[in-house]
Amino acid sequence: MANKFNSGDSRTRSSVSIFIVAGLCCFFYLLGAWQRSGFGKGDSIALEMTKSGANCNILPNLNFETHHGGEAGIIDDSDSKVTVYKPCHPRYTDYTPCQDQRRAMTFPRENMIYRERHCPSQEEKLHCLIPAPKGYVTPFPWPKSRDYVPYANAPYKSLTVEKAIQNWIQYEGNVFRFPGGGTQFPQGADKYIDQLASVIPIKNGTVRTALDTGCGVASWGAYLWKRNVIAMSFAPRDSHEAQVQFALERGVPAVIGVLGTIKLPYPSRAFDMAHCSRCLIPWGINDGLYMREVDRVLRPGGYWVLSGPPINWKVNYKAWKRPMEELQEEQRKIEEVAKLLCWEKKGEIGEIAIWQKSMDTDSCRAAQENSGAAFCKSEDADDVWYKKMEPCITRNDIANSDDVPGLKPFPERLYAVPPESLVVQFLEFLLRSTWRIISYGKSMCEAFSTYPRTYDLIHANGVFSLYKDKCDFEDILLEMDRILRPEGAVIFRDEVDVLVKVKKMIGGMRWDSKMMDHEDGPLVPEKILVVVKQYWVGNSTSSQ
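Residues numbered from 1 in each chain as written. Predicted model: local features only at pLDDT ≥ 70, side-chain atom pairs only at ≥ 80, totals over all residues. Heavy atoms only, no water.

S.K.: Would you mind going over the confidence of the model for the chain with me for this structure?
M.R.: Detailed reading of predicted coordinates is not advised where the pLDDT is low. With 77% of its residues at a pLDDT of 70 or more, the chain has an overall mean of 83. Confidence over residues 38–67 falls short of pLDDT 50; this stretch has 19 contacts with residues more than four positions distant or in other chains. Considering only residues more than four positions removed or in separate chains, one finds that residues 429–442, a stretch of pLDDT under 50, has 20 contacts. (pLDDT = per-residue confidence, 0-100. Contact = heavy atoms within 4.5 Å.)

S.K.: Mind showing me how you'd approach the state of the cysteines here?
M.R.: Should the sulfur atoms of two cysteines be covalently bonded, the bond is a disulfide. A complete count under the given rule lists six disulfides for this structure. For Cys376, the disulfide goes to Cys392, at an S-S distance of 2.0 Å. Every disulfide takes its handedness from the sign of the S-S torsion; for Cys376 and Cys392 that torsion is 95 degrees, giving right-handed. Residue Cys376 is located in the loop between helix H12 (361–370) and helix H13 (420–440), and its partner Cys392 is located in the loop between H12 and H13; the two are separated by 16 residues in the primary sequence. Comparing Cys376 with Cys392, the two get one shared label, buried. For Cys445, the disulfide goes to Cys471, at an S-S distance of 1.8 Å. (Disulfide = S-S within 2.5 Å. Helix = DSSP H or I, 4+ residues; strand = E, 2+ residues; numbered from the N terminus. Buried < 20%, exposed > 50% of the residue type's maximum accessible area, 1.4 Å probe, protein only.)

S.K.: Mind showing me how you'd approach the side chain of Arg250 here?
M.R.: Along the chain, Arg250 turns up in the loop between helix H8 (243–249) and strand S6 (254–256). Buried and unpaired, Arg250 has no salt bridge, with Asp147 as the nearest side chain of opposite charge at 4.9 Å. With sequence-adjacent residues up to four places away left out, Arg250 is seen in contact with Trp142, Ser145, Arg146, Val149, Phe178, Val217, Ala218, Ser219, Ala222 and Tyr223. (Lys, Arg positive; Asp, Glu negative; His and termini not counted. Salt bridge = Lys/Arg side-chain N within 4 Å of Asp/Glu carboxyl O.)

S.K.: Whenever I open this one, the side chain of Glu116 confuses me. Can you help?
M.R.: Along the chain, Glu116 falls in the loop between helix H3 (101–104) and helix H4 (144–147). Buried and without a salt bridge, Glu116 has Lys388 as its closest oppositely charged side chain, separated by 5.2 Å. Filtering out sequence-adjacent residues up to four positions away, Glu116 remains in contact with Cys98, Val258, Gly260, Thr261 and Ile262.

So this is what it looks like as structure tokens:
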């Protein structure tokens, strides 16, 4: 009897809980619909106006003039004078604030520290508009931009000489041509990718996201596009100064970056494949620290590709002009770390080696624990901004039996519900990111790791409300101007009072703008501001 009573009591409590949850859901749905409709903001006034006929004295101080233009003083309470931003000196045409060459040389060269991000202080920041180089033209549309870049947009010929026999880049008249070659694939990226596809399931959509470390001019990522694989490429701003800039002018996603002492700026388990084609990264040093970082951002079941030294060293050591013993030890360390990370070697094709990260978490962890490996704290896996790499292994707790086979292939992945553990991971990452914005304050107000004129379109949804009282609006707008191409566009979505302030500031920035209502109507307090950057180039009279 007691069991029956308890069972009935549980069912009653369960029913009541369901009823309460359903009631709350309905209440908040109706509340949201009411708020979004605009009823209660001006509708009650309109109702009173209707009842009273032509009497307009209900609110005698009501101002019917639009506030969207920033002309009504009750919203824009700042100084009425618009600050006009002058062009910077032409020497800043390719200015990258956080990877400035002169500043970089003041930092230690050990572990590539000097190639990491080193941003200017608030006092050192430029307060002028970065000019485009003389003769700058709109880049070619994709896919032509994959193969051709106007010379005037990145007028640097050094790579055409240094990498001539490797088919990186060729200078032809007023354009650069990119044949698709690379140091490890002089015959072209397409044939190289075909070799990878003989081992890695690229064609069926299993691989959708890829990371290219030490990318050169990013031809590998450029040619993956037509195979429905999106690659994020990175390389330092070093002696091959324009390599990332060429990648961006081609329309390939890329950033200035390096594997040094700081974690990569990506959450854990972000990529299906990682790639290094003679990227000159010392993978075996520091107990495989860089391989451990690749393991952090690689999904269970993902692939790591390494081509070039030391792979197949027995055949190539003479061509590479390196001692056999050195190359043998280098590969031994790589194989040792790969085994520790539970990466299975799928095979070698000439100078290409391919590993796959295990999805069998339980057996892998047992082997790692027996080896005495140190594990990273699980809550730190996605805390990466300016955080030091550590010689530990990231736990792959999400790859349990309930998640296998993991994410769906592309394009089914677009619409499929991800494994529950990935949803939890995303929510935790979002919460941590929001907390970092709140707690870090001004240190989040830094320049992007990219060249000027990177983007054709910027979409800024609630950016200024998010960073209000944390970042100067001027800093945000000047950085947007730096990374936006001439005649590129920005779409701002924010509260009307915020956008009025923004619209006033961009009045001195050589941008054309138009404010418009939210798509749900004029009563919604959020508005849309669309701006287009004017075409202009630097000249010798600019002096800032």
